[in-house]
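Here are the chains, one letter per residue:
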Amino acid sequence: MTKFTRRQFGVLMGSTAAVMSLPVSLRAQGKPKVVVIGGGAGGATAARYIAKDSANEIDVTLIEASEKYTTCFFSNLYLGGYRDMNSIVHSYDKLQSNYGITKVTGRAKSIDKEKKTVMMEDGTAIPYDRLVVAPGIDIIYDSVPGYSEEAAEIAPHAWKAGPQTELLKAKLDAITNGQQIIMVAPPNPYRCPPGPYERISMMAHVLKSKGVDAKIIILDPKDKFSKQALFQEGWDKHYPGMIEWIGPDVHGGIKNVDVKAGTVETDLDTFKGDLLNIIPAQRAGAIAISAGLANDKGFCPIDPESMRSTMDPNIFVIGDASIAGDMPKSGFSANSQAKVAAMNVRGDLLKSKVFPAKYSNTCWSLIESDDGVKVGGQYSPADGKITATTNFISQKGEDAALRKSTYEESIGWYSGITADMFG
Amino acid sequence: MIKSVRARSMRSQKSLLSTLLFLAAALAVSVPASAEDAGEELFGQCKGCHEIGAGAKHKVGPHLDGIFGRTAGTSEGFKYSAAMKKAGEDGLKWDAEALAKYIEKPRDFIKGNRMSFRGMAKEEDRKLLIEWLTAKASEAPAADTAHKVDDTGATVRGFADAVLALEGDKEYGQYLAGECVTCHQITGQVEGIPSIVGVPRDYFVRAMLEFKNNIRTNEVMKLRAANMTNEDLAALAAYFESLEPR
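This is a predicted model, so every value here is computed, not measured. Per chain, residues are indexed from 1 in the order of the written sequence. Labels follow written order: the first chain is A, the first ligand is 1, and so on. pLDDT decides what is reported in this predicted model: residues at 70 or higher carry local features, side-chain atom pairs at 80 or more are listed and counted, and totals for whole chains, interfaces and linings draw on all residues regardless.

Another point: the overall build of chain A. Each helix is a run of DSSP H or I of at least 4 residues and each strand a run of E of at least 2, with the numbering of both proceeding from the N terminus. Each helix and strand in chain A was counted, giving 11 helices and 25 strands. The dimensions of chain A, computed from C-alpha atoms along their principal axes, are 65 × 45 × 40 Å. Buried residues in chain A amount to 50% of all 423 residues. Residues are scored as being in contact if the C-beta atoms we place from backbone atoms lie within 7 Å. In chain A, of all internal contacts separated by at least 6 residues, the share reaching a separation of at least 24 is 69%. Whether a residue is buried, exposed or partly exposed is read from the other C-beta atoms within 10 Å of its own C-beta, which are placed from the backbone; 20 or more gives buried, 12 or fewer gives exposed, and intermediate counts give partly exposed.

So this is what it looks like as structure tokens:
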């Protein structure tokens, strides 16, 4: 708890300092202004591309609550012991020093669409000509009965990387012989479709490599999941008898979670776990919802040609918060969408050339050391949404050399995308 | 000998069996029996990026003709990383000893160079490879390696000529490249994924067409290549060729 409070305090201090260092009058400058809310795979990429490709003709401000960014992608590899925490934490320094982006450390509270202004929690107003909204997801805690933000301190969701991931790792590392881990998987749509199952693989890897005889149960509200055949083949091969996946037709629905007692109650049975990892349903980040950019399902409709919000022509919504048709909610997708949005923002403000939108995604998952799999797609606007044009997925029974090179490729991708986000 | 005589005699009767026997004979031939064959097989780890022998061209890596005695980072027409150029300026010349050290652990020997190769751990392998390179690089025509590259690319070559005849729109290429640089770093840094910064245009086009035609097998690349038009390829090739590695 003390640690948490100190972190919060740090964020507040940071935001005050950053605001004081802002130019005296943002409005007085002649350059068009772009504000980006959220400094993840979508927001950081959008800010960098707008700044880099506008030859200093656009003023870019990036609003992000964290001083440094912890990537959700590869946080499972931290859990599995393949990476340390430092290796997935990134600074915004280069975006400021090399691209002239103003980083404001703080939280956006609301958006005044009429006045084209972002209101910060500390009362500052930041005006924009175009706004890119990339807040990622918010966890809907009460979508799992009995779960809450407080309960997450005992039974982490760890679906936003950082302290939650560290808490989950500590609890995983404490599991001993004869104990049981229970994951409640999220319903669609959610961030990183293969993520829960890669996480299960990493948990099993940790237990197996320490020789701990423990079980992992997945209670899933979905009747199938991403890369299912590949994961189940890998689990049978590497972790026989350790992992049990239970779909809704068997458990009949999650009735209640009691994190103190360590129980998950379903229609079928009450499951007892020494570690509960509860991943609830998700929706677009709060700022997108309060600004009226989301629909009744909690995500933000966009024009597939540009990522422009269908609710406001001056606003673009990218990444997990958007409804991106056939694209999964992934860091790769957000990075791809950011480039289309950035091009359109420059087109709006500088009359630069706007090419037809193209999107792509690849998601790599690690099942066990050197056993990597991947799924990918190419996408274009069609039928009023972002539509897949081609897809591929790793095959069952691939040889070890291919699986190893797939894993190595994922490491190259991580270096690549983080360089593409943060400069 | 016995096998091939037998295969010939049976061909008219059982063509499937004869084909199998023929393949078996061909396989038997390809098992390295000499140091030369072993060297050639080891070069298999290099030839995705390097050509050698008469007519060899720069690909992702520079061609290796005349490498022995050359100062590092000076093969004409190839865009080297800053690290490799600096190594040359600092006096690094390629001889058998330097090359052996380099291919043992490329990233340690010249920090920041962009050769995407982990290294060759066995001293014996390095020796065989370098002996083979010495023979090939100093050899006059011979040239069967260059020839093979043309053979595999025969279907592709016609398409490549059509793409190369187009003038690539660099601005469009830069936009399309957004898709590439998520993995292939714009700085030319290499970490598990090859650098494509500054690669020659004709090599870039041929490689992409090889993905498109299933000659190269990486699924991610096949997917990216599948939807690309000739204009897209020409634009990307022009853009990446124009970049300098940092």
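Back to the write-up after that little detour.
What follows deals with the overall build of chain B. Counting secondary structure elements, chain B contains 13 helices and 0 strands. Along its sequence from the N terminus, chain B presents helices and strands in the succession α-α-α-α-α-α-α-α-α-α-α-α-α. Relative to its 246 residues, chain B shows a buried fraction of 34%. Within chain B, residue pairs in contact and separated by at least 24 positions form 63% of the contacts whose partners lie at least 6 positions apart.

Take the packing of helix α11 (residues 201–212) of chain B against helix α12 (residues 219–226) of chain B next. All names here are of chain B. In this analysis an axis means a line fitted to C-alpha atoms, helices contributing only their contacting stretch, and an angle means the value between N-to-C directions, from 0 to 180 degrees. Interaxial distance between α11 and α12 falls to 8 Å at its minimum, and their mutual angle equals 100°. Taken as axis vectors, α11 and α12 run roughly perpendicular relative to one another. For the pair α11 and α12, contact is made by Met 208, Phe 211 and Lys 212 and by Met 221, Lys 222, Ala 225 and Ala 226, respectively. Of the residues belonging to the contact of α11 with α12, the class tally is 5 nonpolar, no polar and 2 charged. Angle categories are assigned with fixed cut-offs, so that under 35 degrees is roughly parallel, over 145 is roughly antiparallel, 65 to 115 is roughly perpendicular, and the rest are oblique. Classification used: nonpolar for Ala, Val, Leu, Ile, Met, Phe, Trp, Tyr, Cys and Pro, charged for Asp, Glu, Lys and Arg, polar for all others including Gly.

The partner chain B presents 20 residues to the 26 residues of chain A that form the contact. Breaking the side of chain A that touches chain B down by element, the ones donating at least two residues are α10 (331–350), β23 (359–368), β24 (371–382), β25 (385–393) and α11 (400–422) of chain A. Looking at which element gives the most residues to the side of chain A that touches chain B, the answer is α11 of chain A, with 10 residues. Looking at the side of chain A that touches chain B residue by residue, the classes come out as 8 nonpolar, 11 polar and 7 charged.

Residues and elements named next belong to chain A. If you trace the backbone, Gly 136 turns up in the loop between β9 (130–133) and β10 (137–140). Residue class for Gly 136 comes out buried when judged on the 24 C-beta atoms lying within 10 Å of it. Separated by 186 residues in the primary sequence, Gly 136 and Ser 322 have C-alpha atoms spaced 8.5 Å apart.

Here we take up unusual backbone geometry. All names here are of chain A. The peptide bond linking Asn 188 to Pro 189 adopts the cis configuration, its omega dihedral lying at -10°. Here Pro 189 is to be found in the loop between β11 (180–184) and α6 (195–210). The backbone of Ala 55 shows a phi angle near 45°, a positive value even though the residue is not glycine. Of note, the phi angle at Lys 227 is positive, near 55°, even though the residue is not glycine. Here Lys 227 lies in the loop between β12 (215–219) and α7 (228–238).

This part takes up the nonpolar core. A general feature of soluble globular proteins is that nonpolar side chains tend to end up buried together. In plain words, the nonpolar core is the set of buried Ala, Val, Leu, Ile, Met, Phe, Trp, Tyr and Cys residues that C-beta atoms within 7 Å link up. In terms of nonpolar packing, the biggest core is built from 147 residues, with Val 36, Ala 46, Val 132, Val 133, Val 184 and Val 317 of chain A touching the most fellow members. Setting aside residues no more than four positions away along its own chain, Ala 46 of chain A makes contact with Val 36, Val 132, Ala 134, Ile 318, Ala 338, Ala 341 and Ala 342 of chain A. Within the second largest apolar cluster, 20 residues are counted, among which are Leu 42, Ile 103, Ile 110 and Leu 129 of chain B.

Further remarks concern the sheet that holds strand β14 (residues 254–258) of chain A. Residues and elements named next belong to chain A. Pairing within the open sheet is antiparallel, and its 3 strands lie in the order β14-β15-β16. With partners counted over all chains shown, the strands left at the sheet margins are β14 and β16 (270–272), one partner each. Strand-to-strand twist across the sheet, computed as the mean angle between neighbouring axes with direction ignored, equals 15°. Direction of pairing for strand β15 (residues 263–266) relative to β16: antiparallel, over a ladder of 3 bridges. Between any two strands, pairing holds if DSSP finds at least two bridges.

Turning our attention to the pairing of β11 of chain A. All names here are of chain A. With 4 of 5 residues buried, β11 lies mostly within the body of the structure. Where β11 lies against β12, 5 bridges are found, and the strand directions are parallel. Paired with Gln 180 across the bridge in β12 is Lys 215. Call a crossover right-handed when, viewed with both strands pointing away from you, the route from the first strand across the helix to the second goes clockwise. Regarding the hand of the β-α-β motif, the stretch spanning β11, α6 and β12 is right-handed. In the sheet, β11 pairs with strand β17 (residues 275–278) via 4 bridges, with the strands oriented parallel. Bridge pairing in β17 links Met 183 to Asn 277.

A few words now on the sheet that holds strand β7 (residues 117–120) of chain A. All names here are of chain A. Sheet architecture is open: 3 strands sit in the order β6-β7-β8, paired in antiparallel fashion. The sheet terminates laterally at β6 (108–112) and β8 (125–127), the two strands that pair on one side only. Neighbouring strand axes in the sheet, compared pairwise and without regard to direction, differ in orientation by 25° on average. Bridge count for β7 against β8 is 3 bridges, and the pairing is antiparallel. For Thr 117, the partnering residue across the bridge sits in β8 and is Pro 127.

Turning our eyes to something else, we now look at the environment of Lys 47 of chain B. Residue and element names in this part refer to chain B. Position of Lys 47 relative to the elements: it lies in the loop between α3 (35–43) and α4 (82–89). On the basis of neighbour counts, which here come to 16 C-beta atoms within 10 Å, the residue Lys 47 falls in the partly exposed class. The sequence separation of Lys 47 and Leu 166 amounts to 119 residues, and the corresponding C-alpha distance is 28 Å.

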